[in-house]
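Notes for the structure review
Listed below are the residues making up each chain.
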Amino acid sequence: MSDAVPILNALDLSIAYGKDDAVKNVTLPILEKKITAIIGPSGCGKSTFLRSLNRMNDFIDGVSHRGQILYRGSDLYAENVDPVEARLRIGMVFQKANPFPKSIYRNVAWGPGINKLPGDPNERVETALKQAALWDEVSDRLNDSALNLSGGQQQRLCIARALAMEPEIILMDEPCSALDPVSTARIEDLLFELKKKFTIVIVTHNMQQAARVSDYTAFLENGVLIEYGETDQVFTRPKETRTEEYVTGRFG
Amino acid sequence: MTTNKDLVTSQRLRQRQAKATFFKYFCIAVTGSAVLILGILLYQIISDGYRWVDWQFMTSYPSRFPEKAGILSAFVGTLWLVSLTALLAIPTGVLAAIYLEEYAPKNRWTQLIEVNIANLAGVPSIVFGILGLALFVRFMGLNRSVIAGAMTMSLLILPVIIIAAKEAIRAIPNSLRQAAFALGATRWQVVRAHVLPAALPGILTGIILALSRAIGETAPLIMIGALTYVAFLPESPMDEFTALPIQIFNWTARPQETFHELAAGGIIVLLGVLLLMNALAVYIRYRGSKS
Ligand SMILES: Nc1ncnc2c1ncn2[C@@H]1O[C@H](COP(=O)(O)OP(=O)(O)OP(=O)(O)O)[C@@H](O)[C@H]1O
Ligand SMILES: [Mg+2]
């Protein structure tokens, strides 16, 4: 982990809803073109942390940040940072699938369209849908409403929608929680593929998945970063007993 | 086979079911009597006035002679009034709702504004008439023009439109906005492409219901001095005018029985317009819930 540069870097970051800290003094680098997995029990602040990385917390009333997040060395929350510009570079897939109530095609094409990304929109849609392992299932009905897709298909559509923007970093909040093992395996293959071009941060409750796909793993508990390191090390030789108990399922 | 006796209705359950049945019939009775009263009213009006509603009635000016009297100027006046009101109130109301829901910070100041809007929706319409008279007719010197009437009506229905539009906008789940924001959209792009289209059926329904209220309102028009006898059509927003409810009010105030029948005829036309508008609102709502 020495030669890779952090593209995002949380420094002593605390995030509070009102007065209660949901994330406490977390210092965590996100390394470029690597997959970082965030694991931890429900309610430990994984989603909260993830949302702070592309300023999606801005939309929640009463959220406050202390500490810093650096994007390529400069403060992501500085006065002159345009959050819209930040979100163009840092895309997101949400915990619950949230397709637009529009056609499959429009779902993927809308983001590139409003941001006037170059190239042929049709090609872009096709590429993104293929990357998200959805193309074969929807290629003959691109104009159907996205709401008619199954839950798992909707989630893959949301992944395709994020990919179509070609962000530098993709934040994924449990992207596979609604997927069957086959689609999950395809998404995991996709992650290996994507890592060549993108940096990925993935929140997951699935230990095997974290162990399989990620290069680095961070373990959060009650908003505190208990352990961070190379995935191999975290899963096989954890430094903290709490981590060991969690990853081996002896947690409680 | 015999039934398991645990599954037969028990004493306690029977009591609860009796209550439920009683409540059901009570509701049916209440609804039924309301519908009945409405039916009697409608029947009276229609049987009084249906003979008068014909082409001649629609295309004649009011007259001292009942057989020659019609509602042309009132009908056209109502069209003028509603069109101008729509022009003024819809953009203002919808934009205000968008601002309050999507842009305004949620603080005490905006809360105060929202409470006041809700209160304004409950203010008696005659009060808006008084305001219109003082502000538009006298102070702004618009006299008894259609535009003065339309501005008064706009004030009257603005709270209704704002509240309906706000509710329609608020019903759009936040996850939809977040999805759009995460793609690098600006607030306006999110509103324009996702929030408004999804909220449109609700907003339109609110607008139509508000406009049908404007069509039926009489008190504010009397207050600002809409004319009761008009033998010309308004040609510009500055012209004087009359409207259907005023014409009906005028006819019912006359002693002769025939004029009362004319009034019933006018009511039939007014009800027809309102029914059409409400049908449109229902249709839009139905279409919106399907897609
Ligand atoms: N919008 C909010 N307002 C107030 N508190 C919140 C909000 N969202 C989350 N929290 C609180 O912050 C803490 C962390 O929540 P968060 O959603 O980040 O957990 P999580 O690790 O993603 O959990 P899960 O695995 O169940 O998704 C929780 O205690 C939660 O109650
Ligand atoms: Mg979460």
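Residues numbered from 1 in each chain as written. Chains lettered and ligands numbered in written order. Predicted model: local features only at pLDDT ≥ 70, side-chain atom pairs only at ≥ 80, totals over all residues. Heavy atoms only, no water.

Take the overall build of chain B next. Within chain B, the regular secondary structure consists of eleven helices and zero strands. The C-alpha radius of gyration computed for chain B amounts to 25 Å, which surpasses the reference 19 Å derived for 291 residues by more than 25%, pointing to a less compact arrangement than a globule. Each of the three principal axes of chain B carries a C-alpha extent, and together these read 80 × 60 × 35 Å. The buried share of chain B, taken over its 291 residues, is 42%. Partitioning the contacts of chain B with sequence separation of at least 6, the portion at a separation of at least 24 is 73%. Accessible surface, chain B: about 16,400 Å² in total, of which carbon and sulfur atoms supply 67%. (Helix = DSSP H or I, 4+ residues; strand = E, 2+ residues; numbered from the N terminus. Rg over C-alpha atoms; globule rule 2.2 N^0.38 Å. Buried < 20%, exposed > 50% of the residue type's maximum accessible area, 1.4 Å probe, protein only. Contact = heavy atoms within 4.5 Å. Areas by Shrake-Rupley, 256 points an atom, 1.4 Å probe, with all protein chains shown as cover.)

Residue and element names in this part refer to chain A. In the vicinity of ligand 1 there are 13 residues, among which S42, K46, S47, T48 and H205 approach most closely. Within the contact set of ligand 1, an oxygen atom lies 2.8 Å away from a backbone nitrogen or oxygen of G43. Considering ligand 1 on its own, with 630 Å² of exposed area, one finds that the protein chains cover 61% of that surface. Sort the elements by how many residues they give to the shell around ligand 1 and helix α1 (residues 46-52) lands first, with three residues. Tallied by class, the residues present in the shell around ligand 1 amount to four nonpolar, seven polar and two charged. (Near = heavy atom within 4 Å. Polar contact = N/O pair within 3.5 Å; in protein donor to acceptor, adjacent residues only side chain to side chain. Nonpolar A, V, L, I, M, F, W, Y, C, P; charged D, E, K, R; others polar.)

As a general feature of sheets, a regular strand has side chains that alternate between the two faces. Residue and element names in this part refer to chain A. The buried count for strand β3 (residues 35-39) comes to five of five residues, which makes it a mostly enclosed element. By the bridge criterion, four bridges tie β3 to strand β8 (residues 199-203) in an arrangement that is parallel. For I35, the partnering residue across the bridge sits in β8 and is I200. Examined bridge by bridge, β3 and strand β9 (residues 216-221) share four bridges and lie parallel to one another. If you follow A37 over to β9, its bridge partner there is T217. (Pairing = 2+ DSSP bridges.)

With that out of the way, let us pick up the domain arrangement of chain B. Residue and element names in this part refer to chain B. Its domain assignment divides chain B into domain 1 (4-52) and domain 2 (57-290). Centre-to-centre, using C-alpha coordinates, domain 1 lies 34 Å away from domain 2. Every contact between the two is made by eight residues of domain 1 and, on the other side, eleven residues of domain 2. Between domain 1 and domain 2, the buried area comes to about 730 Å², and carbon and sulfur atoms account for 78% of it. It is I45, D48 and W52 in domain 1 that bury the most area against domain 2; as a group they hold 74% of the surface buried on that side. (Domains from an automatic or database assignment. Buried area = accessible area lost by both parts, 1.4 Å probe.)

A water-sized probe, rolled over the atoms, reveals where empty space remains. Within this structure, the stated rule accounts for two cavities of 30 Å³ or more. The space that makes up the largest cavity amounts to roughly 40 Å³. Around the largest cavity, the lining residues are M92, V93, F94, N98, C158 and R161 of chain A together with A179, A182 and L183 of chain B. Counting only elements with at least two residues in the lining of the largest cavity, the list comes to β6 (90-93) and α6 (151-163) of chain A. Here the residues of the lining of the largest cavity sort into seven nonpolar, one polar and one charged. Of the pockets and cavities examined, the second largest cavity occupies roughly 30 Å³. Considering the residues around the second largest cavity, the lining is formed by G91, M92, A162, M165 and P167 of chain A together with A182 and L183 of chain B. Looking at side-chain class alone, the lining of the second largest cavity contains six nonpolar, one polar and no charged residues. (1 Å grid on protein atoms, 1.4 Å probe; cavity = no way out; pocket = protein on both sides within 12 Å on 5 of 7 lines; lining within 4 Å. Points joined across faces, edges and corners; volume = space filled by probe spheres on them.)

A few words now on the coordination of the magnesium ion (ligand 2). For the magnesium ion (ligand 2), every protein donor is listed as S47 of chain A (OG) and Q95 of chain A (OE1), and the spread of their distances is 1.9 to 2.5 Å. With S47 of chain A in helix α1 and Q95 of chain A in the loop between β6 and α3 (104-114), the pair connects residues that are 48 residues apart, well separated along the chain. (Donors = N, O, S within 2.8 Å, 3.2 Å for Na, K, Ca; no water.)

Residue and element names in this part refer to chain A. Mapped onto the fold, N57 is located in the loop between α1 and β4 (63-71). You can call N57 buried: its relative accessible area is 2%. Each C-alpha atom of the pair N57 and Y17 lies 10.0 Å from the other, and the pair is 40 residues apart in sequence. Setting aside anything within four residues of it in sequence, one finds N57 in contact with I15, T48, R51, S52, V63 and H65.

All names here are of chain B. Two numbers describe how helix α4 (residues 108-120) lies on helix α6 (residues 146-170): the axes approach to 8 Å, and their chain directions differ by 125°. Judged by the inter-axis angle, α4 sits oblique to α6. Where α4 crosses over α6, the handedness of that crossing is left-handed. Contacts between α4 and α6 involve E114, I117, A118 and L120 from the first element and P159, I162, I163, K166 and R170 from the second. Residue composition of the contact of α4 with α6, grouped by class: six nonpolar, no polar and three charged. (Axes fitted to C-alpha atoms, helices over the stretch in contact; angles between N-to-C directions. Parallel < 35°, antiparallel > 145°, perpendicular 65-115°, else oblique. Left-handed = near helix turned anticlockwise from the far one by under 90°.)

Moving on, we get to the interface of chain B and chain A. The partner chain A presents 21 residues to the 17 residues of chain B that form the contact. Of the roughly 1,600 Å² buried at the junction of chain B and chain A (both faces included), carbon and sulfur atoms supply 71%. Contact with chain A buries surface across chain B, with Q178, A182 and L183 of chain B losing the most and accounting together for 36% of the total. Scanning the region where chain B abuts chain A turns up zero salt bridges. Applying the counting rule to chain B against chain A returns three residue pairs in polar contact (both at pLDDT 80 or more). Looking at the side of chain B that touches chain A element by element, the count peaks at six residues for helix α7 (residues 174-181) of chain B. (Salt bridge = Lys/Arg side-chain N within 4 Å of Asp/Glu carboxyl O.)

Attention now moves to the side chain of R161 of chain A. Mapped onto the elements, R161 of chain A comes out in helix α6. There is no salt bridge for the buried R161 of chain A, and the closest opposite charge comes from D173 of chain A, which lies 13 Å off by N-O distance. Polar contacts involving the side chain of R161 of chain A include one to the side chain of N107 of chain A, which spans 3.4 Å. Look past the residues within four positions of R161 of chain A in its chain and what remains in contact with it is N98, P99, F100, N107 and V108 of chain A together with A179 and L183 of chain B. (Lys, Arg positive; Asp, Glu negative; His and termini not counted.)

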